[in-house]
Amino acid sequence: MTVLNSSSELPTSPTQVDFYIFHAHYVQALERFVCRLIEKAYQQKHQIFVLANTEAQAKLLDSLLWVVNPDSFIPHSLLLAGQEETFCLNGEGKSQHFPVVIGYGTMPQSTRTLLINLAETVPDFFAQFQRIAELVAPEESARIAGRQRFRFYREQQVVLNSHDISK
């Protein structure tokens, strides 16, 4: 599986967008993949914003991050429309933004390096991110929306990559 590069340095080049195309539908396959993507990006010290397609999906991801890998802990928070971003304590007792925020109906309220977009459209705030991961579910409507997002990014002249995900 190709998931982000191994460099934790922040890129100085244009925004890079990676499309992850799912070919088969398994129960929670996309959400479990998102959790693995979050874990890898967190290990690389990215500040991550996940834009869920629905409030239910945001809540599911919030729950899955607690159980998908019992050997790791990923500090995260849920940010729904109308809410304020919360803070956590770092290892030195100082307040900081959570490294992972899962949002729905809102935009990030702190600086982030990676957007994981599960929405059907490109959010207006996409340009503030250095990296974007676009996930495309196997349903035909999701594929059509994915093609539209791909065309949009191509017009923005960002660096585009695509990855086929079979499981």
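Here the structure is a predicted model, which means the values were calculated and not measured.

Asker: In this structure, what is going on with the overall build of the chain? I would like to understand it.
Answerer: A count of helices and strands for the chain gives three helices and nine strands. The order of helices and strands in the chain, counted from the N terminus, is β-α-β-α-β-β-β-β-β-β-α-β. Counting all 167 residues of the chain, 47% fall into the buried class. Of the contacts made within the chain by residues no fewer than 6 positions apart, 69% connect residues no fewer than 24 positions apart. Accessible surface for the chain amounts to roughly 8,900 Å². Of this, 50% is attributable to carbon and sulfur atoms.

Asker: So what exactly am I meant to see when it comes to the pattern of salt bridges here?
Answerer: It is possible for side chains bearing opposite charge to pair when their charged atoms get close. Following the criterion strictly, the structure yields four salt bridges and no others. The salt bridge partner of R149 is E134, with a shortest N-O separation of 2.5 Å. Of this pair, R149 sits in helix α3 (residues 140-155) while E134 sits in strand β8 (residues 131-136), placing them 15 residues apart in sequence. Residue classification places E134 among the buried residues on the basis of a relative accessible area of 0%. Close ionic contact of R147 with E140 constitutes a salt bridge, the shortest N to O distance being 3.8 Å. Classification of R147 by relative accessible area gives partly exposed; the value is 42%.

Asker: What is the right way to look at the sheet that holds β8 in this model?
Answerer: The strands that make up a sheet are held in pairs by hydrogen bonds between backbone atoms, and each pair lies either parallel or antiparallel. Pairing is parallel across the open sheet formed by seven strands, whose spatial order is β3-β6-β2-β7-β8-β1-β9. Each edge of the open sheet is held by one strand with a lone partner, namely β3 (76-80) and β9 (159-165). Mean inter-strand twist for the sheet, computed between neighbouring axes without regard to direction, equals 20°. Both strand β2 (residues 48-51) and strand β6 (residues 100-104) contribute to a ladder of four bridges, which runs parallel. Residue I48 lies in a different strand from β6, and its bridge partner there is V100. Packed onto the sheet, helix α2 (residues 55-67) meets β2, β3 and β6 and runs at close to 170° relative to β3.

Rules of the game
Residues numbered from 1 in each chain as written. Predicted model: local features only at pLDDT ≥ 70, side-chain atom pairs only at ≥ 80, totals over all residues. Heavy atoms only, no water. Helix = DSSP H or I, 4+ residues; strand = E, 2+ residues; numbered from the N terminus. Buried < 20%, exposed > 50% of the residue type's maximum accessible area, 1.4 Å probe, protein only. Contact = heavy atoms within 4.5 Å. Areas by Shrake-Rupley, 256 points an atom, 1.4 Å probe, with all protein chains shown as cover. Salt bridge = Lys/Arg side-chain N within 4 Å of Asp/Glu carboxyl O. Pairing = 2+ DSSP bridges. Axes fitted to C-alpha atoms, helices over the stretch in contact; angles between N-to-C directions.

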